[in-house]
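# Coordinate analysis (summary)
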Amino acid sequence: MSGTLRPSLWRRIGNSWRARGRKPGTVDITPDGLVFTRGRNSKRIRWEDVVRIDGGSRDSLSIDLFFVVIHARDATMTIDEFDDGFRVLEYAILERWPQVRERFIALQCGAPHQPLYETLWQR
């Protein structure tokens, strides 16, 4: 058996179907945390309440979508690179937790059409 994984067409179709029609959200960085808004729902997480940060890549038919999952004491947010303000969030995470930089970039540059997910930081 070879060491490389073959992309799953069915998984890619499923990921594309789930993403279809999803409206992007907005990330706003505040001095003490962040606010994520999708539609009429907003969630706020303070930096001091963050207990874990995960990152990953979801494969679809046309692109691979990088995302971050932020776990706090009372909320969890999944924010992907198409959400407005994602790059500002990325900068804030890398500034606040510089130890995640290497794995964060490695996930973004991972093998195409291979789903990735890992914990980048945990309290």
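In short, a report on the structure. (Residues numbered from 1 in each chain as written. Predicted model: local features only at pLDDT ≥ 70, side-chain atom pairs only at ≥ 80, totals over all residues. Heavy atoms only, no water.)

For the rest of this paragraph, the subject is the overall build of the protein chain. Helix and strand counts for the protein chain come out as 3 helices and 7 strands. Counting across all 123 residues of the protein chain, residues that qualify as buried make up 39%. The contacts in the protein chain between residues at least 6 apart in sequence include a share of 50% that link residues at least 24 apart. Carbon and sulfur atoms form 53% of the exposed surface of the protein chain, whose accessible area is close to 7900 Å². (Helix = DSSP H or I, 4+ residues; strand = E, 2+ residues; numbered from the N terminus. Buried < 20%, exposed > 50% of the residue type's maximum accessible area, 1.4 Å probe, protein only. Contact = heavy atoms within 4.5 Å. Areas by Shrake-Rupley, 256 points an atom, 1.4 Å probe, with all protein chains shown as cover.)

Relative to strand E2 (residues 33-38), strand E1 (residues 26-30) is paired through 5 bridges, and the arrangement is antiparallel. The residue bridging Ile-29 from the neighbouring strand is Leu-34, located in E2. Where E1 folds back onto E2 in an antiparallel hairpin, the turn is made up of 2 residues. (Pairing = 2+ DSSP bridges.)

Here the focus is the packing of helix H2 (residues 86-96) against helix H3 (residues 101-108). Direction vectors running N to C along H2 and H3 enclose 150°, while the axes themselves pass 10 Å from each other. Relative to H3, H2 is oriented so that their crossing is right-handed. From H2, Arg-87, Glu-90 and Leu-94 reach across to H3, where they touch Arg-101, Phe-104 and Gln-108. A class-by-class count of the residues in the contact of H2 with H3 yields 2 nonpolar, 1 polar and 3 charged. (Axes fitted to C-alpha atoms, helices over the stretch in contact; angles between N-to-C directions. Left-handed = near helix turned anticlockwise from the far one by under 90°. Nonpolar A, V, L, I, M, F, W, Y, C, P; charged D, E, K, R; others polar.)

Let us look at the packing of aromatic side chains. A full pass over the atoms with the stated rule returns 5 aromatic pairs. Between Trp-47 and Trp-97, the aromatic rings sit 5.8 Å apart at their centres with planes inclined by 75°, giving edge-to-face as the arrangement. Here Trp-47 is found in the loop between strand E3 (41-46) and strand E4 (50-59), whereas its partner Trp-97 is found in the loop between H2 and H3, with 50 residues between them in sequence. The same class applies to Trp-47 and to Trp-97, which are both buried. (Phe/Tyr/Trp six-rings, centres within 6.5 Å; stacked < 30°, edge-to-face > 60°.)

If you trace the backbone, Glu-90 turns up in helix H2. There is a polar contact of 3.5 Å between the side chain of Glu-90 and the side chain of Gln-108. Look past the residues within four positions of Glu-90 in its chain and what remains in contact with it is Phe-104 and Gln-108. (Polar contact = N/O pair within 3.5 Å; in protein donor to acceptor, adjacent residues only side chain to side chain.)

Let us now look at the sheet that holds strand E6 (residues 76-80). Read across the open sheet, the 4 strands follow the order E6-E5-E4-E7; overall the sheet is antiparallel. Of all strands in the sheet, those with a lone pairing partner are E6 and strand E7 (116-122), marking the two edges. Averaged over all neighbouring strand pairs, the angle between strand axes comes to 20°, with direction disregarded. One ladder, built from 5 bridges, connects strand E5 (residues 64-72) with E6; its direction is antiparallel. When the bridges of E6 are listed, His-71 appears paired with Thr-76. Contacts from H2 reach E4, E5 and E6, with the element oriented near 55° to E5. Strands in contact with H3 are E4, E5 and E7; relative to E7, the strand with the most contacts, it is inclined by about 165°.

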